Amino acid sequence: MWYLKRIGGIRLTNPRCPPYQAVINGKWFKKLFYFLLFLGFLYTFFIITQCWKIYLYDMMGWEREKFICVKFRGRLANQMFDYAFLYAYAHKKGLSMIVPPSDLTKAFGIQPKTGDQYGFSRYTCWCFWTIDDKWNCAYDSSFEELEKNKDLSFRGFFQSWKYWKDYDADLRKIFVFQDDIKDKARSYMKKILKETGKKPQQGSVLVGIHIRRGDHIERSDVNYGKLVATEGYLDNSMGYFRRKYKDVLFVVISDDILWTTNTLQKYDDVYIVTGNSGEVDMCLLTLTNHTIMSVGTFGWFIGWMTNGTMIYYKNVARPGSGYEWEFGPGIQDHFLPHWIGME
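Just so it is clear, the structure is predicted and the values come from calculations on it, not from any experiment.

Colleague: I'd love a proper account of the overall build of the chain, names of residues and values included.
Modeller: When helices and strands are tallied, the chain shows 12 helices and 12 strands. Within the chain, contacts between residues separated by at least 24 positions form 66% of all contacts whose residues are at least 6 apart in sequence. Looking at the chain as shown, the accessible area adds up to about 18400 Å², and 54% of this sits on carbon and sulfur atoms.

Here it is in structure tokens:
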């Protein structure tokens, strides 16, 4: 280590001061140690001040609400998966839900529910050990074995319909957009029908298409193994509906309008939507009859909420990649069994 001249003001080449001793005695190491010690003190102080009431109830054996928490991640559709998991396991395990304010609560009118509304701290979820999901896009059956009536806190994405298959009907009643979002979506759909001359009441069939590329074509995601739907997949999936219905219109939303326009402008039965917020776009496509998704949870939930024929891109991950591992035993845990996979 002769080429390392100094660490924290101590010469590593000093034969009377071994390298590890130089590091430990270095000024930067001591500063870092005291800084971490200070952070540890702050964290401990925070936990004590926020959790003392829960700990007191438990030590004294007093009855109290038992809670379930999920750390919401990502944007709207990811939060929908987290909420569906939260709802299902709250009912399975007899627990009260902690629901933080989020894009989800704003879009669907779900009432946020924090610990202070139960008589405890707003940061109640910090008081419990956190359980991480094993796979982001697959079902972990070990969660079914967790003890009932015991506080639970989860962190992950939980993107499998199997977690909440017994509560599907409940969630369809919960995931209903706020009136202002529905009004905007309906107004845009009227515009589409007027401009295209399509009349659903006279047999016109509307198919929603969500094309996600965005972050999936960034180098980090590509290296991780994420794939995007190809032009060939779109041709095949759209061809399926053209063969099935005589009068069809494809209503398309995308985070890559340039690629989408260049790819689909050859068709005269395509309408590309622009200018809406994400929740309005999602609501808009649920007003169609059927769905074609590319990749991602946004298209997944559009198909689930539309509840018609759903076609998905089955080559979502590069074989042998880290992203493929996220699907655990296979994509069957992520995509519903009656949906149609194409490539």
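Colleague: Tell me about the state of the cysteines, and name the residues and values.
Modeller: This structure, assessed with the given rule, holds two disulfides. Note that Cys51 is cross-linked by a disulfide to Cys127, the S-S spacing being 2.0 Å. In this structure the cystine formed by Cys51 and Cys127 twists about its S-S bond by roughly -90 degrees; its chirality is therefore left-handed. Of this pair, Cys51 sits in helix H2 (residues 27-60) while Cys127 sits in the loop between helix H4 (103-108) and strand S5 (130-132), placing them 76 residues apart in sequence. Taking the relative accessible area as the measure of exposure, Cys51 reaches 0% and is therefore buried. Residue pairing for Cys69: its cysteine sulfur links by disulfide to Cys125, the two sulfurs lying 2.1 Å apart. Because the sign of the S-S torsion sets the handedness, a value of about -90 degrees for the bond joining Cys69 and Cys125 places this disulfide among the left-handed ones. Here Cys125 lies in the loop between H4 and S5 and Cys69 lies in strand S3 (residues 67-71), a separation of 56 residues in the sequence. Classification of Cys69 as buried rests on a relative accessible area of 2%. Given the relative accessible area of 22%, Cys125 is considered partly exposed. In the chain, the bonded cysteines, taken in the order they occur along the sequence, pair up as 1-4, 2-3.

Colleague: Would you mind going over unusual backbone geometry in detail, with residue names and values included?
Modeller: Trans peptide bonds make up most of the peptide bonds, and negative phi angles are found at most residues other than glycine. Even without being a glycine, Phe158 presents a positive backbone phi close to 55 degrees. Looking at where Phe158 falls in the secondary structure, it is placed in the loop between strand S6 (152-155) and helix H5 (168-174). The class for Phe158 is buried, based on a relative accessible area of 0%. Phi at Asn307 is positive, roughly 65 degrees, even though this residue is not glycine.

Colleague: Any chance you could break down the nonpolar core for me, citing the residues and the numbers?
Modeller: Core analysis: the largest hydrophobic core is formed by 85 residues, its most contacted members being Tyr83, Trp164, Phe175 and Trp300. Apart from residues no more than four positions distant in its own chain, Trp300 is found in contact with Phe81, Trp161, Trp164, Met293, Met310, His334, Phe335, Leu336 and Trp339. By size, the runner-up hydrophobic cluster in this structure holds eight residues, among which are Cys51, Ile54, Phe67 and Cys69.

Colleague: Can you break down the sheet that holds S6 residue by residue, with the values?
Modeller: As summarised here, the arrangement of the four strands in space is S4-S3-S6-S5, forming an open sheet in which the pairing is parallel. This sheet does not close on itself; its edge strands, each paired only once, are strand S4 (96-98) and S5. Within this sheet the neighbouring strands show an average axis-to-axis angle of 25 degrees, counted without direction. Two strands pair when backbone bridges link them, and S5 and S6 are joined in this way by three bridges, in the parallel orientation. Within S6, the residue paired with Thr130 across the bridge is Ser153. Docked against the sheet, helix H3 (residues 76-93) engages S3, S4 and S6, running at close to 165 degrees with respect to S3.

Colleague: Give a description of the sheet that holds strand S12 (residues 340-342) that names residues and reports values.
Modeller: With respect to topology, six strands assemble into an open sheet ordered S9-S8-S7-S10-S11-S12, the strand pairing being parallel. Each edge of the open sheet carries a strand with a single partner, namely strand S9 (270-272) and S12. Shown here is a sheet whose adjacent strand axes are inclined to one another by a mean of 20 degrees, direction ignored. In this structure, strand S11 (residues 310-313) lies alongside S12, joined through three bridges in parallel fashion. The residue bridging Tyr312 from the neighbouring strand is Gly341, located in S12.

Colleague: Which residues make up the packing of H3 against helix H11 (residues 297-306), and what values do they have?
Modeller: Where H3 meets H11, the axes come as close as 7 Å, and the angle between the chain directions of the two elements is 65 degrees. At the point where H3 passes H11, the crossing takes the left-handed sense. Touching Ala77, Asn78, Met80 and Phe81 of H3 are Thr297, Phe298, Trp300, Phe301 and Met305, all from H11.

Colleague: Give a description of the pairing of strand S10 (residues 290-293) that names residues and reports values.
Modeller: Across the two faces of S10 the burial is the same, with His290 and Ile292 and Thr291 and Met293 all buried. Two elements, strand S7 (residues 205-211) and S10, share four bridges in a ladder whose sense is parallel. The partner of Ile209 across the bridge, within S10, is Ile292. Examined bridge by bridge, S10 and S11 share two bridges and lie parallel to one another. Looking across to S11, one finds that Thr291 is bridged to Met310. As a crossover connection, the stretch from S10 through H11 into S11 is right-handed.

The rules behind each value
- Residues numbered from 1 in each chain as written.
- Predicted model: local features only at pLDDT ≥ 70, side-chain atom pairs only at ≥ 80, totals over all residues.
- Heavy atoms only, no water.
- Helix = DSSP H or I, 4+ residues; strand = E, 2+ residues; numbered from the N terminus.
- Contact = heavy atoms within 4.5 Å.
- Areas by Shrake-Rupley, 256 points an atom, 1.4 Å probe, with all protein chains shown as cover.
- Disulfide = S-S within 2.5 Å.
- Buried < 20%, exposed > 50% of the residue type's maximum accessible area, 1.4 Å probe, protein only.
- Core = buried A, V, L, I, M, F, W, Y, C linked by side-chain atoms within 4.5 Å.
- Pairing = 2+ DSSP bridges.
- Axes fitted to C-alpha atoms, helices over the stretch in contact; angles between N-to-C directions.
- Left-handed = near helix turned anticlockwise from the far one by under 90°.
- Right-handed = clockwise from strand over helix to strand, strands pointing away.

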